[in-house]
Amino acid sequence: MNSAAAINMDRLSLQVADIRCAKCALTIEKAMTRLAGVFRCRTNVADKRVVVEHDPTLLSQSAILAVLESIGFAAIVNEDRQAVMQRMQADGNLMLARLGVAGIGMMQVMMFALATYVAGDGGIEAAYVGLIKFASFAIATPVAFYSAMPFHLGAILDLKHRRLGMDVPVSLAISAAYGLSTWHLFTDGEVYFDSVCMFAFLLLIGRYLELRSRHQYEQSVSIAERCLPESAFVPALTTELPIKQITPGMLVRALPGEMVPVDGVVTEGNSAVSEAAFSGESAAIRKQPGMRVLAGSVNLDGEIIVRCSDEVEDFVISKLSVLHQEAMLYKPSFARLADIVAGYFVSGVLLLALSAGVYWYAVGNPDWFVILITVLVVSCPCALSLATPVVYTVSVTALKRLGVVVSAGKFLEQLSSINHIVFDKTGTLTEGTLDVSEVTLLAPDWTREEVLNRCCTLESNSRHPIARAFESVVKRPATNVEQVVGEGVLGSIDGQSFRLGKPEFVGFPDLSPPMDQVRGTWILLGGSEPVAWIRLDDDIRDSSAKLIQILKPHYKITLLSGDRSIEVERVAKALSIDDAKGDLSPADKVEYVRQFQAVGDRVLMVGDGMNDAAAMGIANTAVAVSPVDILVQDAADATLLRQDIFRLWMLIGYSKRIRNVLRQNMSWAVLYNLSVIPFAVAGWLEPWMAALGMSMSSLLVIVNASRLNSVGQG
Amino acid sequence: MEAIFILVPVSVGIVFLAIVTFIWSVNHHQFDDLDKEAERILFDDDQDSD
């Protein structure tokens, strides 16, 4: 098949939920690389992902999965998008077919049952009754086996894992009703085929709608990923390559109107690029050579060539979607409690149903069996188990549309209860991007342009905030460029060596900046002699003042900054923040947050995620305000990708709405289950009421959660 | 009333026919997009307008 030179290699991307620590990852890597046919195995603890590069002729995909299974890790193949879509469609269709069969069956069985109800005992000749019973049996059989299969499968799975889930009582009710009726066919007793069909139909309606709404959200999760093109044009090979085969360093082309296919740096061309998929911000950003672009953003008006910088799994858009899925799966502590309670609840229900049946049988009630199965169905705690997951799914998805990435599920829970907000200054309340506002020449034969030109050249490879100030000007080649953390950069331009940074670093410690100490940061450019002072300013965000003003009456507000006190005071004054502290080390910030918490405050830390990571980690919850291409995922529980800090206010309001909906859902679910059981036990509920009630209670929970679809001040 | 002996089995047969038809239509993409078809009538069909 393949020529001898070409290596037959497949890349298998797996999701392994059980990877909890580095040790698990190493175990997997070891086991994998020992296998014949595996070229490379990479694991990622944070993403719980394993990528195996293997030779499919020597080692099949299922063999790899089997090996993982044998060492205790269950893996799921990261299917490509098309497969996922197809699976979802197939699931939906199967469920619909089941629902249809149950519906049609129910209609006819009810029709038969109606005749016997109307006629009453002895109203119809026994031969006809027997015929009707057998006809009902014929129709109820596919309903009990085909339509109700999801309940049976679920119940079997639950029992296999030695737990009692929602499906157990439902499956039990349907099987018992069907089994007993079939027995009575031949022994001439009561049949309940109408109940079988009706349970199956009404409960499946709930299931089907739940499935549909889940698919809708799953689609919106992958919407960003779906936007990624399947392949990209590689000019060097003059051909299209599938995205998965594009490796870091390759150059790919994006035409106007196309999606940018990879994360990387523009090497040629100039175009407006919209990053709306990430930040919800529709305004396009002009990208020039040297600037970073992200896969999934839209190239609007020019052709660009992009040098790919990461593997497809490491694209920001891929990471976002992993974070997003994790956050949706989050369960707050009370929901976990609810799950445990639901387990006991089910066993309680089984006992209760059984004793109700026994009691009514002993009393001589002919409906004892109907009461038994009614209790089984009505008390199934489906709504209880749906109440929180559905809220998290809806809200995390709604927030994503707004450019807020929730990376820790606890965020939404905690945010609604905070009372103290701590802000970082640089990059949070201020733009975080420095602009050159003033150049003071020290050497006579230099011009402002030449100075800036040298600075740009030196800083061109740096990602330090200061480097961003020098981005837009034309550069020249520089050699021996070296960056000294916290000091500055040095390098040679046209044979002359230069240093840019603090005066001590440049070699003129005695030199002090010209006048106006209060605003901005001064840095010095120098070679053998000082050349020029450059002042960089960091502007306060437009929305900061508005945000502080609106938050101030409700929350304690503190500004903690590592910047010089004098600068911090200026910003604090401009924003009318009373409590501001400057000259803080990261450790000092942690100490302050601890102190606040010690007096009982619940602290929200808002930072840019770079130098506040430690403080963000210990705060009750943390939000990062970060540019799209630097996704902060470790320290912050959520990231505002759109650089509009005013959204914080909206976010806090939204978190309160979420809390309310959660409470409503939980109390409704608990209330429903508790209040309806006595009626069922007393025999006052018809079976159809029980089935309808259970479906409706689940639906109500879903509908209530979907109110959170729009994020706004509600 | 002997007709019942024919009619009831016939009704069961019709039900199974309905079930088969329904499953056929599900598998032939008749229910794939429930929202689009409802709105289709609201839009002009540019291609085939006579």
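Residues numbered from 1 in each chain as written. Chains lettered and ligands numbered in written order. Predicted model: local features only at pLDDT ≥ 70, side-chain atom pairs only at ≥ 80, totals over all residues. Heavy atoms only, no water.

A. Structural detail: the overall build of chain B. Check the secondary structure of chain B and you find 2 helices and 0 strands. Within chain B, the proportion of its 50 residues that are buried is 16%. Carbon and sulfur atoms make up 62% of the accessible area of chain B, which totals about 4300 Å². (Helix = DSSP H or I, 4+ residues; strand = E, 2+ residues; numbered from the N terminus. Buried < 20%, exposed > 50% of the residue type's maximum accessible area, 1.4 Å probe, protein only. Areas by Shrake-Rupley, 256 points an atom, 1.4 Å probe, with all protein chains shown as cover.)

B. Up close: the sheet that holds strand β25 (residues 621–625) of chain A. Residue and element names in this part refer to chain A. With respect to topology, 7 strands assemble into an open sheet ordered β14-β26-β25-β24-β15-β22-β23, the strand pairing being mixed. Strand pairing shows two members of the sheet lacking a second neighbour, β14 (404–406) and β23 (579–581), which therefore form its edges. Each adjacent strand pair in this sheet contributes to an overall mean axis angle of 20°, direction not counted. Of the strand pairs in this sheet, strand β22 (residues 556–560) and β23 are connected by 3 bridges, and their pairing is parallel. Considered in β23, the bridge of Thr-558 is made with Asp-579. With respect to the sheet, helix α19 (residues 542–551) is in contact with β15 (420–423) and β22, its orientation differing from that of β15 by roughly 160°. Lying on the sheet, helix α21 (residues 586–598) is in contact with β15, β22, β23 and β24 (603–607); it crosses β24 at an angle near 155°. (Pairing = 2+ DSSP bridges. Axes fitted to C-alpha atoms, helices over the stretch in contact; angles between N-to-C directions. Contact = heavy atoms within 4.5 Å.)

C. Structural view of the pairing of strand β19 (residues 496–501) of chain A. Residues and elements named next belong to chain A. As paired elements, strand β18 (residues 488–493) and β19 share 6 bridges and run antiparallel to each other. When the bridges of β19 are listed, Leu-490 appears paired with Arg-499. Between β18 and the antiparallel strand that follows it, β19, lie 2 residues; Asp-494 among them carries a positive phi value of about 50°. With 3 bridges joining them, β19 and strand β20 (residues 521–526) adopt antiparallel strand pairing. Counted as the bridge partner of Arg-499 is Gly-526 from β20.

D. Molecular detail of the interface of chain B and chain A. The interface of chain B with chain A comprises 18 residues on the first partner and 19 residues on the second. When chain B packs against chain A, the two sides together hide about 1700 Å² of surface, and 79% of this comes from carbon and sulfur. It is B:Phe5, B:Val15 and B:Phe22 in chain B that bury the most area against chain A; as a group they hold 26% of the surface buried on that side. The interface formed by chain B and chain A contains 0 residue pairs in polar contact (both at pLDDT 80 or more). (Buried area = accessible area lost by both parts, 1.4 Å probe. Polar contact = N/O pair within 3.5 Å; in protein donor to acceptor, adjacent residues only side chain to side chain.)

E. The packing of helix α12 (residues 368–378) of chain A against helix α24 (residues 687–706) of chain A, seen in detail. Residue and element names in this part refer to chain A. At a minimum axis separation of 8 Å, α12 and α24 run at an interaxial angle of 5°. Considered as vectors, α12 and α24 are oriented roughly parallel to each other. Residues Val-370, Thr-374, Val-377 and Val-378 of α12 pack against Pro-687, Ala-690, Ala-691 and Met-694 of α24. When its residues are assigned to classes, the contact of α12 with α24 shows 7 nonpolar, 1 polar and no charged. (Parallel < 35°, antiparallel > 145°, perpendicular 65-115°, else oblique. Nonpolar A, V, L, I, M, F, W, Y, C, P; charged D, E, K, R; others polar.)

F. Representation of a nonpolar patch on the surface in the model. On the surface, a cluster of nonpolar side chains totalling about 350 Å² of accessible area is made up of A:Trp688, A:Met689, A:Leu692 and A:Met696. Positionally, A:Trp688 belongs in helix α24. (Patch = residues over 30% accessible without salt bridge, like charges linked within 9 Å, V, L, I, M, F, W, Y side chains within 5 Å. Salt bridge = Lys/Arg side-chain N within 4 Å of Asp/Glu carboxyl O.)

G. Region of the structure containing the packing of aromatic side chains. Residue and element names in this part refer to chain A. Tallied over the full model, the rule gives 15 aromatic pairs over all chains. Aromatic side chains Trp-368 and Phe-369 sit 5.6 Å apart centroid to centroid with 75° between the ring planes, which places their arrangement in the edge-to-face category. Trp-368 sits in the partly exposed class, given a relative accessible area of 24%. With a centroid separation of 5.9 Å and 40° between ring planes, the pair formed by Trp-668 and Tyr-672 is classed as tilted. In this pair, Trp-668 and Tyr-672 are both assigned in helix α23 (residues 647–682), 4 residues apart and thus about one turn of the helix distant. Cluster of aromatic residues (ring-pair linked, three or more members): Phe-137, Phe-145, Tyr-178 and Phe-193. (Phe/Tyr/Trp six-rings, centres within 6.5 Å; stacked < 30°, edge-to-face > 60°.)

H. Focus on the nonpolar core. All names here are of chain A. Counting 126 residues, the largest nonpolar core has Ile-421, Phe-423, Leu-551 and Leu-648 as its most contacted members. With 14 residues, α23 is the single largest residue contributor to this core. With sequence-adjacent residues up to four places away left out, Leu-648 is seen in contact with Phe-423, Leu-547, Leu-604, Val-606, Val-623 and Leu-640. Counting 27 residues, the second largest nonpolar core, distinct from the first, contains Val-273, Phe-278, Val-306 and Ile-317. (Core = buried A, V, L, I, M, F, W, Y, C linked by side-chain atoms within 4.5 Å.)

I. Expanded view of the packing of α12(A) against α23(A). All names here are of chain A. Between α12 and α23, whose axes approach to 9 Å, the crossing angle comes to 175°. Considering the angle they form, α12 stands roughly antiparallel to α23. Side by side, α12 and α23 meet where Ile-371, Thr-374, Val-375 and Val-378 of the first sit next to Tyr-672, Asn-673, Val-676, Ala-680 and Val-681 of the second. Taken together, the residues of the contact of α12 with α23 break down into 7 nonpolar, 2 polar and no charged.

J. Summary view of the pattern of salt bridges. All names here are of chain A. Applying the stated criterion to the full structure yields 8 salt bridges over all chains. We note a salt bridge from Asp-578 to Lys-552, for which the minimum N-O separation is 3.7 Å. With a gap of 26 residues between them, Asp-578 in the loop between α20 (565–575) and β23 and Lys-552 in the loop between α19 and β22 connect regions that are remote in the sequence. For Asp-578, a relative accessible area of 69% translates into the label exposed.

K. Representation of the sheet that holds strand β12 (residues 298–299) of chain A. Residue and element names in this part refer to chain A. Strands sit in the order β10-β9-β12 across an open sheet of 3 strands; the sheet is antiparallel. Looking at strand neighbours, the two that pair on one side only are β10 (285–287) and β12, the edges of this open sheet. As paired elements, strand β9 (residues 271–274) and β12 share 2 bridges and run antiparallel to each other. In the strand pairing of β12, Ser-274 is matched with Val-298.

L. Structural detail: a negative patch on the surface. Residues and elements named next belong to chain A. Among the surface-exposed residues, Asp-121, Glu-190, Asp-367 and Glu-686 lie close enough to one another that they form a single negatively charged patch. Along the polypeptide, Asp-367 turns up in the loop between α11 (333–363) and α12. Under the relative-accessibility criterion, Asp-367 is labelled partly exposed at 43%. (Lys, Arg positive; Asp, Glu negative; His and termini not counted. Charge placed at Lys NZ, Arg CZ, Asp CG, Glu CD.)

M. Examining α21(A) more closely. Residues and elements named next belong to chain A. Over its 13 residues, α21 runs 18 Å from end to end, which matches the ideal 18 Å to within 8%, given 1.5 Å per residue. Buried residues along α21 sit against β15, β22, β23, β24 and α22 (613–618). Following α21 by one or two positions, Gly-600 has its phi on the positive side, about 95°. (Expected span 1.5 Å × (residues − 1).)

N. Spotlight on the confidence of the model for chain B. Here chain B averages 80 in pLDDT, and 78% of its residues register 70 or above. Interface predicted TM-score (ipTM) for the complex: 0.84; the corresponding pTM is 0.68. (pLDDT = per-residue confidence, 0-100.)

O. Representation of the pairing of β15(A) in the model. All names here are of chain A. Going residue by residue along β15, you find His-420 and Val-422 tucked away on one face and Ile-421 and Phe-423 tucked away on the opposite face as well. Here β15 pairs with β24 via 4 bridges, running parallel. Among the inter-strand pairings, His-420 is bridged to a residue of β24, identified as Val-603.

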